[in-house]
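These are the residues of each chain, in order.
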Amino acid sequence: MVWSIIVGGFIGFVAGVITRKGGSMGILSNVVAGLIGSFVGQRLFGTWGPALAGKALIPSILGAVIVIAIVVLFFGKKS
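Residues numbered from 1 in each chain as written. Predicted model: local features only at pLDDT ≥ 70, side-chain atom pairs only at ≥ 80, totals over all residues. Heavy atoms only, no water.

Going by an unreviewed UniProt entry, the protein carries the name Transglycosylase associated protein and comes from Actinomyces graevenitzii C83. Of the protein, the UniProt comment under Subcellular location (unreviewed entry) reads exactly: "Cell membrane". (UniProt positions renumbered as here; feature names shortened; annotations may be inferred.)

Right, here's the structure in full:
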């Protein structure tokens, strides 16, 4: 359980760096984005590639990028 949270935080952090939203996301947001992104990514792209704590890293990161992009689209700052 703890290992999954740590890996989820790492996945969310990497996705935040890719989307350039990592600076505005806190630790809790990284963990949530990583865990939800892992679920979404593995459902969409499968479980190929290296895995940690039962999470395929590459599909999980792709899923987290999708989750962050959707959240920013709907809840991002309006100019």
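**Brief notes about the overall build of the protein**
Each helix and strand counted, the protein has three helices and two strands in total. In the protein, the succession of helices and strands from N to C terminus is α-α-β-β-α. Against the 2.2 N^0.38 benchmark of 12 Å for 79 residues, the protein shows a C-alpha radius of gyration of 12 Å, consistent with a compact globule. Over its C-alpha atoms, taken along the principal directions, the protein stretches across nearly 40 × 25 × 15 Å. Element-wise, carbon and sulfur atoms account for 74% of the exposed surface of the protein, whose accessible area totals about 5100 Å². (Helix = DSSP H or I, 4+ residues; strand = E, 2+ residues; numbered from the N terminus. Rg over C-alpha atoms; globule rule 2.2 N^0.38 Å. Areas by Shrake-Rupley, 256 points an atom, 1.4 Å probe, with all protein chains shown as cover.)

**What to know about the nonpolar core**
With nine residues, the main nonpolar core is built from Val7, Ile11, Ala15, Met25, Ala33, Leu57, Ile61, Ala64 and Ile68. Elements with a contribution of two residues or more to this core: helix H1 (2–19) and helix H3 (57–75). Looking at this core element by element, the count peaks at four residues for H3. (Core = buried A, V, L, I, M, F, W, Y, C linked by side-chain atoms within 4.5 Å. Buried < 20%, exposed > 50% of the residue type's maximum accessible area, 1.4 Å probe, protein only.)

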